[in-house]
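# Observations on chain architecture
The primary structure of each chain is shown beneath.
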Amino acid sequence: MAWGAWGRAHGGPVGALTLTALAEGIRTDQGQTPGRSSLGPQPEHGLEPEVEAEGAAAIPMVGSEACSLPGRRQDPQSPWEEGALTDLAVYTAACLEEAGFAGTQATALTLSSALEARGKRLEDQVYALVRGLLTQVPSLAEGRPRRAALRVLSALALEHAREVVCALLPSSLPPDRAAAELWRSLSRNQRVNGQVLVQLLWALKDEAGPELEALAATRALGEMLAVSGCVGATRGFYPHLLLVLVTQLHQLARRGHSPDTPKGWAPLHRGPPHSHASCAVEALKALLTGDGGRMVVTCMEQAGGWRRLVGVHTHLEGVLLLASAMVAHADHHLRGLFGSLLPRLRSPDDTQRLTAMAFFTGLLQSRPTARLLREEVILERLRAWQSDPEPTVRWLGLLGLGHLALNRGKVRHVSKLLPALLGALGEGDGRLVDAALGALRRLLLRPRAPVRLLSAELGPRLPRLLDDARDSVRASAVGLLGTLVRRGRGGLRVGLRGPLRKLVLQSLVPLLLRLQDPSRDAAESSEWTLARCDQALRWGLLEDMVTVAHYDSPEALSRICHCLVQQYPSHIPSFLSQTQGYLRSPQDPLRWAAAVLLGFLVHHTSPGRVSQDLLDSLFQELGQLQSDPEPAVVAAAHVSAQQVALLARAQARPRRLRQLRPGLWHHTRPLPVYANSPFQPRSFIGRWGCLGPG
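The structure presented is a predicted model; accordingly, all values stated were derived computationally and were not measured.

Bringing the overall build of the protein chain into the picture now. A count of helical and extended segments in the protein chain gives 35 helices and 0 strands. In the protein chain, of all internal contacts separated by at least 6 residues, the share reaching a separation of at least 24 is 71%. Roughly 30800 Å² of accessible area belongs to the protein chain as shown, and the carbon and sulfur atoms make up 52% of that amount.

Here it is as structure tokens:
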């Protein structure tokens with residue numbers, strides 16, 4: 001296919017020959033003696049033998065004075081040049097304008113016969129004719145002349161779609177108004193648009209072809225697909241076209257980000273990379289919209305999917321969003337798309353392989369689609385991705401396992417999923433940890449989820465993730481704990497002292513302090529999880545927890561601490577030690593919250609429950625905060641240090657006296673009073689319709 005003919009001229013000056021003059025020229029080129037034309041006004045003569053077979057009945061006999069378009073100069077003596085072919089084509093189409101499809105066929109036969117009669121390569125003749133049309137179309141008046149020119153293009157594409165596309169592509173980059181009009185005219189012709197789209201698809205898929213050629217094909221696709229009804233011509237290769245466009249976005253993102261970007265990207269030459277990407281996005285939108293996927297386009301816009309698709313670091317996230325939207329709103333293409341993905345999963349080209357992997361992962365959300373392959377095949381593929389050295393591949397594999405976890409009919413043995421998911425919790429890449437936590441959470445949503453097994457496995461792993469430096473990991477870990485408590489609330493209510501209860505008690509202090517987390521997602525997730533704990537363990541503290549989460553309320557926090565100290569006296573040293581660790585947090589809100597929580601826990605603790613060594617350690621730690629750069633932290637640490645000193649003094653009294661009046665020493669310690677929090681609360685009183693400014 002002559003895809004490389006980019007350097008050809010746009011054609012010389014366009015002549016204006018009649019069919020009679022053209023026939024004379026053909027005979028001259030063939031060595032015949034010029035004579036009376038068989039295409040003249042004499043009714044007893046017909047067309048040339050090769051044209052007469054099908055075209056003669058459809059072409060009316062006209063006089064020589066009507067053998068040119070209105071407004072064009074008659075010049076029967078013009079030399080034989082490229083423009084003569086254009087005049088022949090336009091004139092022939094004008095004569096056959098009223099003949100419908102039969103006229104189009106006759107036009108194609110007439111043109112092919114005339115071109116072959118010249119004795120040159122047919123491919124070159126078609127190229128020259130289309131280039132001539134590109135030159136003439138801007139100067140043609142609206143109405144019959146322009147319709148005739150567009151009919152020529154359709155007639156040529158009917159027989160020579162490959163050559164027509166080859167001739168039009170050079171004018172599509174940079175964009176050319178005349179070329180855009182010709183592409184749209186081809187799109188409106190239901191008999192040729194499918195052939196042209198196939199040729200453009202091949203231009204996009206040709207990895208050995210020039211880069212600019214693929215970009216030109218993308219722009220041409222955008223013009224064609226924007227025409228209503230054209231997408232119907234993609235039946236049979238719609239999935240391939242969709243994948244090729246999405247893959248090209250990945251390639252454009254990488255090339256635009258690469259320091260070795262070729263000079264061809266210069267704006268004055270072929271347009272900046274972002275313009276090419278936007279063209280591919282528009283073509284993709286037109287493809288989806290034309291096939292009834294308007295909701296897919298809307299979902300992508302609302303989720304920022306189009307912006308992600310064109311980003312070098314976010315492209316795969318965009319692909320996952322696109323797959324999810326198609327699962328929800330365009331499931332009639334999922335089978336074909338899934339089948340087209342499988343060969344690409346082993347492609348040596350990274351952009352093709354990773355894009356296909358992301359689509360494969362996203363489509364596993366569709367149960368009917370996932371059933372196209374056996375469970376063992378899918379699991380084996382996803383587990384194989386976990387051993388890939390590329391973190392992105394491992395991330396996609398974890399996401400795929402998470403989608404399978406929700407598919408009741410696919411995963412019969414949890415033991416096949418857990419090793420990979422639990423192992424990923426120790427990854428250094430936050431995306432992998434997030435994906436593993438999300439997959440474990442989905443696993444818990446299945447009927448008969450292995451709550452006890454997961455509680456035991458997550459016991460040594462989850463607490464450290466509650467304090468992870470990455471906001472998204474903290475929020476996901478807290479959410480997973482809440483889901484675990486929700487599914488295991490039956491055992492917690494009846495007082496089972498299993499691994500889940502131990503995990504909950506181990507996580508109470510981090511959850512309370514994370515209500516003040518600077519990350520809104522982590523704070524909201526902590527509030528939701530504490531509500532699940534309150535429901536499962538029947539504390540009756542839901543209102544106080546919501547109050548602490550949204551307002552600066554020391555009274556509510558005091559009630560929560562009193563309940564914890566009374567309910568779990570053996571865990572008081574653990575609560576205090578955990579809180580002490582947060583006094584060294586680099587985040588001001590957490591240091592302040594830890595100092596306040598420590599003061600209330602100590603205040604509600606009875607003498608004898610805490611060792612003197614722990615009290616000394618707490619007093620020393622609070623003393624170091626007296627030099628904290630945040631004044632609110634200094635003030636809170638001073639108040640809490642007084643509570644520690646009071647508890648230490650109470651414990652120093654004779655044990656016999658404390659046993660005689662056990663509540664006396666507690667009531668003699670005054671309730672700590674803290675200044676208002678300087679940190680912005682998540683809610684305001686007036687916003688909830690309560691007390692507002694007078």
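Turning to the nonpolar core, a few remarks are in order. Core analysis: the biggest nonpolar cluster contains 194 residues, and W183, L186, L200, L284, F359 and W539 have the highest contact counts within it. Built from parts of two domains, this core gets at least three residues from each of domain 1 (81-227) and domain 2 (569-658). The contact partners of W539, leaving out residues within four places of it in the chain, are L508, C533, D534, M545, C563, L564 and Y568.

Further remarks concern the confidence of the model for the protein chain. Residues at a pLDDT of 70 or more form 72% of the protein chain, whose mean pLDDT is 77. Predicted confidence is poor over residues 1-30, with pLDDT under 50, and the contacts of this stretch with residues over four places away or in other chains come to 79 contacts. Contacts of residues 684-694 to residues separated by more than four positions or lying in other chains number 9 contacts, the stretch itself having pLDDT below 50.

In total, this model carries 4 aromatic pairs according to the counting rule given. Both rings, one in F600 and one in Y674, keep their centres 5.5 Å apart while their planes meet at 55 degrees; by these two values the pair is tilted. One end of the pair, F600, is in helix α31 (residues 588-604); the other, Y674, is in the segment after α35 (664-667), with 74 residues separating them in the sequence. We note that F600, like Y674, is buried. By the ring-pair criterion, three or more aromatic residues cluster together here, those being F338, F360 and W385.

Here the focus is the environment of A424. Mapped onto the elements, A424 comes out in helix α20 (residues 418-424). Taking the C-alpha atoms as reference points, A424 and W395, 29 residues apart in sequence, are found 9.1 Å from one another. Residues in contact with A424, not counting those within four places in the same chain, are L398, L432, V433 and A436.

This part covers the packing of helix α24 (residues 471-487) against helix α27 (residues 520-537). Where α24 meets α27, the axes come as close as 8 Å, and the angle between the chain directions of the two elements is 15 degrees. Classified by the angle between their axes, α24 and α27 sit roughly parallel to one another. α27 is crossed by α24, and the crossing has left-handed handedness. Touching R474, A475, V478, G479, L481, G482, T483, V485 and R486 of α24 are D521, A522, S525, S526, W528, T529, R532, C533 and A536, all from α27. Looking at the contact of α24 with α27 residue by residue, the class counts come to 8 nonpolar, 6 polar and 4 charged.

To continue, consider the pattern of salt bridges. Applying the stated rule across the entire model yields 19 salt bridges. Of the charged contacts, one joins R184 and E223 as a salt bridge, the two residues approaching to 2.9 Å between their closest N and O atoms. Separated by 39 residues along the polypeptide, R184 in helix α7 (residues 177-188) and E223 in helix α9 (residues 211-225) bring together distant segments of the chain. Among the ionic pairs, R591 bridges to D588, the shortest N-O distance being 2.4 Å. With R591 and D588 both in helix α31 and 3 residues apart, the pair spans about one turn of that helix. Given a relative accessible area of 27%, D588 falls into the partly exposed group. A network of salt bridges, in which partner residues are shared, links D467, D471, R474, R514 and D517.

Let's shift gears to helix α15 (residues 334-344). Taken as a whole, α15 has its buried residues at L334, L337, F338, S340, L341 and R344. Take α15 and look down its axis: the buried residues cluster within an arc of 170 degrees, on one side only. Opposite the buried face of α15, at more than 90 degrees from it, the exposed residues are R335 and P343.

What follows deals with the packing of helix α32 (residues 612-624) against helix α33 (residues 631-652). Two elements in contact, α32 and α33, have axes separated by 9 Å at closest approach and are oriented at 160 degrees. In terms of orientation, α32 lies roughly antiparallel with respect to α33. The way α32 lies across α33 gives a crossing that is left-handed. Counted together, Q612, L615, L618, F619 and L622 of α32 and A637, S640, A641, V644, A645, L647, A648 and Q651 of α33 form the full contact between these two elements.

A word on unusual backbone geometry. A positive phi is found at R448, a non-glycine position, where the angle reads about 55 degrees. Structurally, R448 is set in the loop between α21 (430-444) and α22 (451-458). Residue classification places R448 among the exposed positions, given a relative accessible area of 79%.

With that out of the way, let us pick up the state of the cysteines. Scanning all chains against the criterion turns up 0 disulfides. Free cysteine: C561, not disulfide-bonded; nearest cysteine sulfur from C563 at 9.9 Å.

As a further point, take the side chain of Q352. Along the polypeptide, Q352 turns up in helix α16 (residues 350-363). Among the residues examined, Q352 registers a relative accessible area of 14% and is labelled buried. Within the structure, Q352 has its side chain in polar contact with the side chain of S347 (distance 3.3 Å).

Now for a positive patch on the surface. On the surface, a cluster of positive charge is made up of R441, R486, R487 and R489. Looking at where R489 falls in the secondary structure, it is placed in helix α25 (residues 489-493). Overall, the relative accessible area of 32% leaves R489 in the partly exposed class.

Before going further, it helps to spend a moment on α9. Here α9 contains 15 residues, and its C-alpha end-to-end distance of 21 Å stays within 8% of the 21 Å for a straight helix at 1.5 Å per residue. Where burial is concerned, most of α9 is hidden: 12 out of the 15 residues are buried.

Once that is clear, we can look at the environment of S677. Residue placement: S677 occurs in the segment after α35. On the accessibility criterion, S677 (18% relative accessible area) is buried. Considering only alpha carbons, one finds S677 and A593, 84 residues apart in sequence, at a separation of 9.0 Å. Not counting residues up to four positions away in its chain, the partners in contact with S677 are D552 and W592. In terms of polar contacts, S677 uses its side chain to reach the backbone amide nitrogen of F679, at 3.2 Å.

Reading guide: rules and limits
Residues numbered from 1 in each chain as written. Predicted model: local features only at pLDDT ≥ 70, side-chain atom pairs only at ≥ 80, totals over all residues. Heavy atoms only, no water. Helix = DSSP H or I, 4+ residues; strand = E, 2+ residues; numbered from the N terminus. Contact = heavy atoms within 4.5 Å. Areas by Shrake-Rupley, 256 points an atom, 1.4 Å probe, with all protein chains shown as cover. Core = buried A, V, L, I, M, F, W, Y, C linked by side-chain atoms within 4.5 Å. Buried < 20%, exposed > 50% of the residue type's maximum accessible area, 1.4 Å probe, protein only. Domains from an automatic or database assignment. pLDDT = per-residue confidence, 0-100. Phe/Tyr/Trp six-rings, centres within 6.5 Å; stacked < 30°, edge-to-face > 60°. Axes fitted to C-alpha atoms, helices over the stretch in contact; angles between N-to-C directions. Parallel < 35°, antiparallel > 145°, perpendicular 65-115°, else oblique. Left-handed = near helix turned anticlockwise from the far one by under 90°. Nonpolar A, V, L, I, M, F, W, Y, C, P; charged D, E, K, R; others polar. Salt bridge = Lys/Arg side-chain N within 4 Å of Asp/Glu carboxyl O. Arc of directions from axis to C-beta. Disulfide = S-S within 2.5 Å. Polar contact = N/O pair within 3.5 Å; in protein donor to acceptor, adjacent residues only side chain to side chain. Patch = residues over 30% accessible without salt bridge, like charges linked within 9 Å, V, L, I, M, F, W, Y side chains within 5 Å. Lys, Arg positive; Asp, Glu negative; His and termini not counted. Charge placed at Lys NZ, Arg CZ, Asp CG, Glu CD. Expected span 1.5 Å × (residues − 1).

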